[in-house]
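Breakdown of the fold
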Amino acid sequence: MKYVVVSGGVISGIGKGVLASSTGLLLKTLGLKVTAIKIDPYMNIDAGTMSPLEHGEVFVLNDGGESDLDLGNYERYMNITLTRDHNITTGKVYSQVIERERKGDYLGKTVQVVPHLTNAIQDWIERVSKIPVDDTGLEPDVCIIELGGTVGDIESAPFVEALRQFQFRVGRDNFALMHVSLVPVIHGEQKTKPTQAAIKDLRSLGLTPDVIACRCSDKLERPTIEKISMFCHVGPDQVIAVHDLNSTYHVPLLLLEQKMTKYWTQRLRLDTLNISEADASKGADLLHRWRELTTSYDRSYETVKIALVGKYTHLKDAYTSVIKSLEHSSMRCRRRLEIIWVEATDLEPEASESDKIKFHKAWHDMCSADGILVPGGFGQRGTEGMMSAAKWARENNIPYLGVCLGFQVASIEFVRSVVGIEHSNSQEFVPELTEDEATVVYMPEIDKEKLGGTMRLGLRPTVFQTDKSVLKKLYGNFDQIEERHRHRYEINPKLISTIEAHGLKFVGRDETGQRMEIFELENHPFFVGTQYHPEYMSKVLDPSKPFLGLVAASAGMLDEIANGAPSASKTDF
Ligand code: GLN
C-alpha cells in the first residue's frame with residue numbers, strides 16, 4: 001500500500017480537500033485503485049451533531065456514518081464508496097483506546113499518547129486503507145490521507161506524531177507527503193514567508209514535504225517558485241502552483257500539467273505495482289472523459305438558474321453536496337449553472353414588516369429562477385418561507401425539487417392548500433399537533449433522548465409503486481433504487497390516501513410500503529420530492545437523477561434527458 005498524506009500550513013480552508021481528491025483522481029487515471037481517509041482532529045466522535053452553519057454540511061455515507069464533507073469530495077472525484085471508519089476523529093481514537101484500557105488490554109501499563117494513542121492511529125490507518133472501496137471489490141493500491149486543520153495546532157499533534165512514526169513503519173517508497181500552503185499577494189507581490197514558516201514547522205515535527213502545493217490567487221511566478229524551492233529545501237519540480245480557477249474540476253488537469261503523475265510514479269515507485277493493461281486503459285479513458293466534460297462545460301453559454309431556498313445560505317459549505325449535484329447535472333445538460341441564493345426567512349411575511357426591501361428582493365430573486373430547490377434542514381426557522389416557495393412552484397408550473405425537509409415542507413403546503421387542513425404542519429415544529437392534522441410525524445423507532453447517530457441514516461431501498469414516474473425513468477426504469485437518508489420525521493401514514501386522492505402521488509416508498517420516499521405531482525412539469533438525500537451519491541460523470549431531472553426540466557430539456565441520454569454507468573467510470 002502506498003500512502004500520500006495531504007497536510008496543510010498557514011491557514012485552513014484553502015482547498016486541501018480538493019487537492020487531496022484531485023491527487024486521488026490523477027492516480028486513478030494511471031489505472032490504480034485509490035482510497036482516502038480524512039483525519040479530523042476534533043473531539044466529536046463524528047460530524048453528526050455539528051451545526052452546518054459552523055462546520056459545513058454533514059456528509060452521510062452508505063453505512064450511515066455522518067462524516068466531514070471532504071469524504072463527499074473523495075467519493076465524487078474518485079467514484080468510491082467509503083465507510084464511517086474512513087473518517088478518523090480525536091473522539092473516535094480516544095474512545096477506542098479508553099475502551100481497551102477498561103478491558104485491561106494494556107496489561108497494567110500507563111496508557112499514554114505516545115505510544116498507545118499514536119499506535120492506535122497507525123493501526124487504524126493500516127486497517128481502513130485496505131477496505132475495498134470500488135466495484136472491483138479489491139484492496140486499493142494507494143491511500144490518500146488528508147490531515148484536517150493546520151500542522152502545528154494543539155489538536156493535530158498526536159496525528160502528526162503518528163504520521164511521523166508511520167513513515168518508518170511503511171518505508172520510504174510507500175509514504176509521501178504533500179503540504180498545502182498559501183502564497184498571499186500583497187501589493188502585487190507574491191509572498192513566500194508564510195510558506196517558509198509553515199515548512200519549518202513541519203520539518204521540526206519530523207515530517208519532510210515531497211510536494212509543496214502553493215495556493216495563490218494568481219499564477220505563481222517563476223521567481224516565487226525558485227524562492228520557495230531554495231528556502232524550503234525542495235527541488236523546483238516539487239513546488240506545485242495552484243492558482244484560483246473558475247472551476248475546481250480543473251485542478252486535476254492543472255496538477256497533470258505540472259507533471260504530478262510522473263512525480264508520484266517515481267517517488268512512490270508506482271511502476272513496481274502490477275497495473276494490468278485493462279486497468280491502465282480504464283484509467284486513460286477516465287482522464288479522457290474528465291477532460292472532455294470539464295472543458296466542454298467551459299464552452300457552454302446558455303445558463304440555467306436554480307433558486308436554492310434554504311436556511312443555512314450564509315455558509316455555502318452547508319450545501320456542498322447539493323451544489324455539486326447541481327453542477328454535475330448542469331454539466332450533463334451543457335448549461336452554465338447560476339445558483340440564486342434565497343434565505344428562506346426572507347420570503348416570510350414577517351420579513352416584509354421588518355425589512356421590506358429584503359422581502360421583495362428575495363421574492364424577486366426566487367421568481368426569476370428557472371427552477372426551485374429546497375434542500376434538507378432541521379428546525380422551524382425558515383420553513384414557512386420554504387412552503388411559500390413550494391406553493392409558488394406548484395401553482396406556477398415551475399420545476400421544483402424538495403430534498404428531505406424540502407420534501408416535507410412541500411407536502412405540508414399541499415395538505416394546507418389543496419387537502420384543506422389549514423393549520424397542518426410537522427410535529428418537528430408543532431409537537432402538540434395530533435396524528436389527524438400533522439402532515440409530518442416523528443418516526444416511531446427514533447430515540448428521543450440521544451441525538452448522536454440516532455436518526456434513520458444511510459443507504460436504504462426505495463421501491464417504485466408505478467411506471468408513471470419521471471424519477472423511475474430517470475433512474476433507468478429500475479423497480480428499486482437505493483439512496484442515503486438522514487431524518488427523524490416522516491410523512492404521516494394516516495394521511496397518505498387523502499393526499500394521493502388530491503393528486504400528490506407517493507410513487508416511491510420503502511420496502512414495507514409504509515414509509516414515503518418520493519412524491520410527484522400530477523399535471524405539473526416537474527414537482528418532485530424525496531425523503532432521501534440524492535445529493536450524497538451524485539458523481540461528476542454520473543449526476544444524481546433527481547437533481548438531473550430538476551436541472552433538465554428547468555432548462556426545458558427534461559424529455560431529451562429522460563429519454564435516455566446515456567449516463568456513465570458506475571462500472572465503466
Ligand atoms: N428535520 C427533518 C427530519 O428530521 C428533515 C431532515 C433533513 O432534511 N435532513 O426529518
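This one's a predicted model, so the numbers in the text were calculated from it and none came from an experiment.

Conventions and cut-offs
Residues numbered from 1 in each chain as written. Predicted model: local features only at pLDDT ≥ 70, side-chain atom pairs only at ≥ 80, totals over all residues. Heavy atoms only, no water. Helix = DSSP H or I, 4+ residues; strand = E, 2+ residues; numbered from the N terminus. Rg over C-alpha atoms; globule rule 2.2 N^0.38 Å. Buried < 20%, exposed > 50% of the residue type's maximum accessible area, 1.4 Å probe, protein only. Contact = heavy atoms within 4.5 Å. Areas by Shrake-Rupley, 256 points an atom, 1.4 Å probe, with all protein chains shown as cover. Lys, Arg positive; Asp, Glu negative; His and termini not counted. Charge placed at Lys NZ, Arg CZ, Asp CG, Glu CD. UniProt positions renumbered as here; feature names shortened; annotations may be inferred. Phe/Tyr/Trp six-rings, centres within 6.5 Å; stacked < 30°, edge-to-face > 60°. Lys NZ or Arg CZ within 6 Å of the ring centre and 35° of its normal. Pairing = 2+ DSSP bridges. Axes fitted to C-alpha atoms, helices over the stretch in contact; angles between N-to-C directions. Patch = residues over 30% accessible without salt bridge, like charges linked within 9 Å, V, L, I, M, F, W, Y side chains within 5 Å. Salt bridge = Lys/Arg side-chain N within 4 Å of Asp/Glu carboxyl O.

In this section: the overall build of the protein. Of the regular secondary structure elements, the protein holds 20 helices and 22 strands. For the protein, whose C-alpha radius of gyration is 25 Å, the value lies close to the compact-globule estimate of 25 Å for 573 residues. The dimensions of the protein, computed from C-alpha atoms along their principal axes, are 70 × 60 × 55 Å. Counting over 573 residues, the protein shows a buried share of 59%. The long-range fraction of contacts in the protein, counting pairs at least 24 apart against all pairs at least 6 apart in sequence, stands at 74%. Carbon and sulfur atoms make up 51% of the accessible area of the protein, which amounts to about 23,400 Å² in all. Once the 65 positive and 79 negative side-chain charges of the protein are each reduced to a mean point, those two points are 5 Å apart.

Once that is clear, we can look at the UniProt feature "domain: CTP synthase N-terminal" (unreviewed entry) in the protein. The UniProt record marks residues 2-270 with the feature "domain: CTP synthase N-terminal" (unreviewed entry), using the residue numbering of this structure. Between the end C-alpha atoms of residues 2-270 there is a gap of 8 Å, over a span that is 41% helix and 19% strand.

If you walk through the whole model with that rule in mind, you get 16 aromatic pairs. Linked through ring pairs, Tyr400, Phe407, Phe506, Phe519 and Phe527 together constitute an aromatic cluster. The ring of Trp124 carries Arg127 above its face, with NZ or CZ at 5.4 Å from the centroid. Stacked on the ring of Trp341, the Lys or Arg Lys316 has its end atom at 4.6 Å from the ring centre.

Moving on, we get to the sheet that holds strand β21 (residues 516-521). As summarised here, the arrangement of the nine strands in space is β13-β12-β14-β15-β22-β21-β20-β17-β18, forming an open sheet in which the pairing is mixed. Across the chains shown, the open sheet's two edge strands, defined by having one partner strand only, are β13 (336-343) and β18 (480-487). Neighbour to neighbour, the strand axes of the sheet diverge by 25° on average, direction disregarded. Relative to strand β15 (residues 400-403), strand β14 (residues 371-374) is paired through three bridges, and the arrangement is parallel.

Together, Tyr94, Ile98, Val113 and Val114 give the surface a local cluster of nonpolar side chains, amounting to about 320 Å² of exposed area. When residues of the nonpolar patch are traced back to their parent elements, those giving at least two are α4 (90-103) and α5 (113-129). Note on placement: Tyr94 falls in helix α4.

What follows is about the environment of Ile199. Mapping Ile199 onto the fold places it in helix α7 (residues 193-204). Residue class for Ile199 comes out buried when judged on its relative accessible area of 1%. Between the C-alpha atoms of Ile199 and Ile212, which are 13 residues apart in sequence, the distance is 8.6 Å. Non-local contacts of Ile199, meaning those with residues more than four positions away in its chain, are made with His179, Pro209, Ile212 and Cys232.

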